[in-house]
Protein chains: 2
Amino acid sequence: MSADTRSKPNKGSGGENAGAPGSLEEAGGKSSLQRGLAILRLLASSNETGARLTDISRALDLTPPTVHRLLKILVEEGMAEADKATKRYRLGIDLFGLAAQAGNPNNLRDICRPILLRLSATLRDTIFLLVRSGFDAVCLDRSEGPFPIRSFTGDIGGRVTLGVGQGSLAIMAFLHEEEREEVIRFNLPRMQGVGIIDEVYLRTEIARVRDLGYASRSTGLLPGMSGVAVPVLDRDGHAVAALSVGTISERLNEERLPVVVDILKRESAAISRQLNPFDPVLRRPAAILGGGPA
Amino acid sequence: MSADTRSKPNKGSGGENAGAPGSLEEAGGKSSLQRGLAILRLLASSNETGARLTDISRALDLTPPTVHRLLKILVEEGMAEADKATKRYRLGIDLFGLAAQAGNPNNLRDICRPILLRLSATLRDTIFLLVRSGFDAVCLDRSEGPFPIRSFTGDIGGRVTLGVGQGSLAIMAFLHEEEREEVIRFNLPRMQGVGIIDEVYLRTEIARVRDLGYASRSTGLLPGMSGVAVPVLDRDGHAVAALSVGTISERLNEERLPVVVDILKRESAAISRQLNPFDPVLRRPAAILGGGPA
DNA sequence: CAAAAGCTTCCGATATGCGGAATAGATGGG
DNA sequence: CCCATCTATTCCGCATATCGGAAGCTTTTG
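The rules we used
Residues numbered from 1 in each chain as written. Chains lettered and ligands numbered in written order. Predicted model: local features only at pLDDT ≥ 70, side-chain atom pairs only at ≥ 80, totals over all residues. Heavy atoms only, no water. Near = heavy atom within 4 Å. Polar contact = N/O pair within 3.5 Å; in protein donor to acceptor, adjacent residues only side chain to side chain. Helix = DSSP H or I, 4+ residues; strand = E, 2+ residues; numbered from the N terminus. Nonpolar A, V, L, I, M, F, W, Y, C, P; charged D, E, K, R; others polar. Contact = heavy atoms within 4.5 Å. Buried area = accessible area lost by both parts, 1.4 Å probe. Salt bridge = Lys/Arg side-chain N within 4 Å of Asp/Glu carboxyl O. Axes fitted to C-alpha atoms, helices over the stretch in contact; angles between N-to-C directions. Parallel < 35°, antiparallel > 145°, perpendicular 65-115°, else oblique. Least-squares fit on C-alpha atoms with pLDDT ≥ 70 in both. Buried < 20%, exposed > 50% of the residue type's maximum accessible area, 1.4 Å probe, protein only. Pairing = 2+ DSSP bridges. Expected span 1.5 Å × (residues − 1). pLDDT = per-residue confidence, 0-100.

In the nomenclature of an unreviewed UniProt entry, chain A is known as IclR family transcriptional regulator of Azospirillum oryzae.

**Brief notes about the protein's contact with DNA strand C**
Around DNA strand C, the structure places 17 residues, and the nearest of them are A:Ser31, A:Thr54, A:His68, B:Thr66 and B:Arg69. Sugar and phosphate atoms represent 83% of those atoms of DNA strand C found within 4 Å of the protein. A distance of 3.2 Å is found between a sugar or linking oxygen of DNA strand C and a side-chain nitrogen or oxygen belonging to A:His68. Listed by contribution, the elements that provide at least two residues to the surface near DNA strand C are α2 (53–60) and α3 (64–76) of chain A together with α1 (32–45) and α3 (64–76) of chain B. Considered class by class, the residues forming the surface near DNA strand C number five nonpolar, seven polar and five charged.

**Some words on the interface of chain A and chain B**
Contact residues are listed per partner, giving 52 residues for chain A and 54 residues for chain B. Between chain A and chain B the total buried area reaches about 4600 Å² when both faces are included, carbon and sulfur atoms providing 62% of it. By the criterion of area lost to chain B, the three top residues of chain A are A:Leu33, A:Ile93 and A:Phe96, representing 15% of everything that side buries. Connecting chain A to chain B are six salt bridges. A salt bridge links A:Arg41 to B:Glu77; the shortest N-O distance between them is 2.4 Å.

**Observations concerning the packing of helix α6 (residues 166–173) of chain A against helix α8 (residues 199–212) of chain A**
Axis angle and axis distance: for two packed helices, these are the angle between their axes and the distance between the axes, and together they describe the pair. Residues and elements named next belong to chain A. The N-to-C vectors of α6 and α8 enclose an angle of 80°; their axes lie 9 Å apart at closest approach. Our classification of the angle between α6 and α8 gives roughly perpendicular. Along its contact with α6, which presents Leu-169, Ala-170, Met-172 and Ala-173, the element α8 presents Leu-202, Ile-206, Val-209 and Arg-210. The residue inventory of the contact of α6 with α8, partitioned by class, reads seven nonpolar, no polar and one charged.

**Brief notes about the protein's contact with DNA strand D**
Close to DNA strand D lie 17 residues; A:Thr66, A:Arg69, B:Ser31, B:Thr54 and B:His68 are nearest. A distance of 2.7 Å separates a phosphate oxygen of DNA strand D from a polar side-chain atom of A:Thr66. A distance of 3.2 Å separates a sugar or linking oxygen of DNA strand D from a polar side-chain atom of B:His68. Classifying every residue of the surface near DNA strand D gives five nonpolar, seven polar and five charged.

**Description of the relation of the copies chain A and chain B**
Placing chain A over chain B gives an RMSD of 0.2 Å and needs a rotation angle of 179°, together with 0.0 Å of translation along the axis. With respect to symmetry, the two chain copies, as superposed, fit the operation of a two-fold axis. It is A:Leu33 whose C-alpha, among those of chain A, lies nearest the rotation axis, at 2.1 Å.

**Observations concerning the environment of A:Ser249**
Residues and elements named next belong to chain A. Here Ser-249 lies in the loop between β8 (239–248) and α9 (257–275). Spatially, the C-alpha atoms of Ser-249 and Gly-224 are 5.3 Å apart, while their sequence positions differ by 25 residues. Polar contacts involving the side chain of Ser-249 include one to the side chain of Ser-226, which spans 2.9 Å.

**A few points about the pairing of strand β4 (residues 136–143) of chain B**
Residue and element names in this part refer to chain B. For β4, a buried count of eight out of eight residues is recorded, marking the element as mostly surrounded by other parts of the structure. As paired elements, strand β3 (residues 126–133) and β4 share seven bridges and run antiparallel to each other. Bridging from a neighbouring strand, Ile-127 pairs with Ser-143 of β4. Remark: two residues form the turn of the hairpin made by β3 and β4, two consecutive strands paired antiparallel; Gly-134 in that turn has positive phi of roughly 65°. Note: β4 against strand β5 (residues 159–161), three bridges, orientation antiparallel. Paired with Val-138 across the bridge in β5 is Arg-159.

**Regarding helix α1 (residues 32–45) of chain A**
Residue and element names in this part refer to chain A. Compared with an ideal rise of 1.5 Å per residue, which puts 14 residues at 20 Å, α1 spans 20 Å between its outermost C-alpha atoms and is within 8% of the ideal. Counting buried residues in α1 gives ten out of 14 residues, a clear majority hidden from the surface. Among all positions of α1, only Leu-33, Gln-34, Gly-36, Leu-37, Ala-38, Ile-39, Leu-40, Leu-42, Leu-43 and Ala-44 are buried.

**Quick look at the side chain of B:Glu267**
Residue and element names in this part refer to chain B. Tracing the sequence through the fold places Glu-267 in helix α9 (residues 256–275). Classification of Glu-267 as buried rests on a relative accessible area of 12%. Polar contacts involving the side chain of Glu-267 include one to the side chain of Arg-118, which spans 2.8 Å. Contact partners of Glu-267, with chain neighbours within four places excluded, come to Ile-115, Arg-118, Leu-119 and Leu-243.

**Notes on the pairing of strand β8 (residues 239–248) of chain B**
Residues and elements named next belong to chain B. Buried residues dominate β8, accounting for eight of its ten residues. One ladder, built from five bridges, connects β3 with β8; its direction is antiparallel. Considered in β8, the bridge of Ile-127 is made with Val-245. Here strand β7 (residues 225–233) pairs with β8 via nine bridges, running antiparallel.

**Description of the confidence of the model for chain A**
All names here are of chain A. When pLDDT is averaged along chain A, the result is 79; 79% of the residues meet or exceed 70. Below pLDDT 50 for its whole length, residues 1–27 participates in nine contacts with residues either more than four positions away or in separate chains. Contacts from residues 279–294, a stretch scored under 50 in pLDDT, to residues over four places away or in other chains number zero contacts.

**Examining the pattern of salt bridges**
A side chain with one charge may pair with a side chain of the opposite charge, provided their charged atoms come close. Applying the stated criterion across every chain yields a total of 37 salt bridges over all chains. With its nearest N and O atoms 2.9 Å apart, the salt bridge here joins A:Glu181 to A:Arg203. Of the two residues, A:Glu181 is situated in helix α7 (residues 177–187) and A:Arg203 in helix α8; the sequence distance between them amounts to 22 residues. As a salt-bridge pair, B:Arg52 and B:Asp55 come within 3.5 Å of each other at their nearest N and O atoms. Put simply, A:Arg109, A:Arg113, A:Asp141, B:Arg109, B:Arg113 and B:Asp141 are held in one network by salt bridges that share partners.

**Let's talk about the environment of B:His68**
Residues and elements named next belong to chain B. With respect to the element layout, His-68 can be found in helix α3. Looking at His-68, the relative accessible area reads 41%, which means it is partly exposed. Here the alpha-carbon distance between His-68 and Ile-56, two residues twelve residues apart in the chain, equals 9.6 Å.

**Quick look at the environment of A:Ile271**
Residues and elements named next belong to chain A. Along the polypeptide, Ile-271 turns up in helix α9. A relative accessible area of 0% places Ile-271 in the buried class. Ile-271 sits 37 residues away from Asp-234 along the chain, and the two C-alpha atoms are 9.3 Å apart. Not counting the four nearest positions on each side in its chain, Ile-271 is found in contact with Leu-108, Ile-111, Cys-112, Ile-115, Val-232 and Leu-243.

This is the structure:
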């Protein structure tokens, strides 16, 4: 980041593709790899409709021949797909397969999937699995409950500033001391308007969460909505993820809250156990290896 | 110029690792974009453990400085992550967020998620959502039922040759005529040993599936296992996906099969309806737009 | 049917990425 | 504790792969 300003005046007017607001993260620097990735990101942001070559060209400020060449490579590699009919490009399915493995340390996602299902069935609310990524929390998976609520954290792959939301707090509270400090320092300015803005209060909250073992507050982001989250700990007691429930406040009243917390904690512990499947003797993991998908 | 040919001119000669058959999928050609993507693929295949710089260097036959530079870019762009402690690289979470959008035409995945859940709960078996990708079917999503069965199609992102398995057949049967012919021509050789090898029989099967509206056979791949699948159709009556159930044969006997098929068809129709949310008058799709995840 | 916009190919100039070699850092063994 | 080995990182000159202007070709628009 920083310092790119390629001095391109950007011609601005163009206007029509209301698609990606603000973002427009400039071309992508210099290397063709960066440019290729920039194209992928652009495609991701316009996957609803797809993007045409010239759209990309304009948005990224690259010449059509360049975009054409890069797209050709991306398509050959399966990272993008061209709809020959409409001349629109979309992200390729290979990319999807690729990323099924991504952000999945220790197969966290796979391990949690059945647990999320169980939880959403039991609690009847939507359950989120969040992991830390830098200064954000990322939604790794989600399992919808029957109740029609949508947290803005909602989409899989979506990010929130660490510290905003209960899941985030649960993770924050169980980070290494120094990491937490770093996050707080970096994130406080980012939380303006969407989260806690007072450092003292934030620290109080974190201490409380650490103490109780769960985070639960009316978020204040959406009136009437509440959340409760517990951390998923590694064997050193540090957060690797969080399980979070988002629902309407009435469903997390004094009566029900302890029950929910209890269930969440139990499941979180189950996950932790699976994360460290480590039998002093037979410490061979799932390793089915061998065949390979060829 | 259909150009679909993934076979590249391949110049072969370069030669150093020409010897090793299998694995080692060559560096990735020439462009740095290709090399970068090759690295990502390698990381995906070794995400369990992570890969070190020299591992990558050797596996892809690139010099360490090159790998180092590319990795640096990938890390900066969030596509890879470096574990500074172990010196190992893994896929980055950004990639995951990226791909959450991928291979998701019309938000098929999002639309189907609750339906898969419902189905797996109702039928108590594992439900697969497959889409076509070139000459393969790709598993877009999966919802595990209580029964402990695993189809080899299992993993999200996994691919099967179109024509192998019931889901595949369901898709095949409802492709455009010409597309189907193309697929058959291309895939027959690929199905040796893992699927139907007789063209006449394959065509009979397809006709049958088309006629019945579902595919169901003991796959023969795993004795005792069966599958049943229905296509998900677009408004022209062509397959965009398939819903598939994999389970033990006993659970798809004459008595239960019709029930299952019926349920699947109903859900498939529900998906189709959502895919074409198109009211002659108010033909504005789901477009909630605006906010964006920012 | 003409005009415009978009897509693709070609090609020369040059910036970009490449890899050999040398440095710094980590790891392990004697 | 020090040395040998392996790995990661930096540097730099050379060459290649990439870029973009221009022009041909195709599709859409009016």
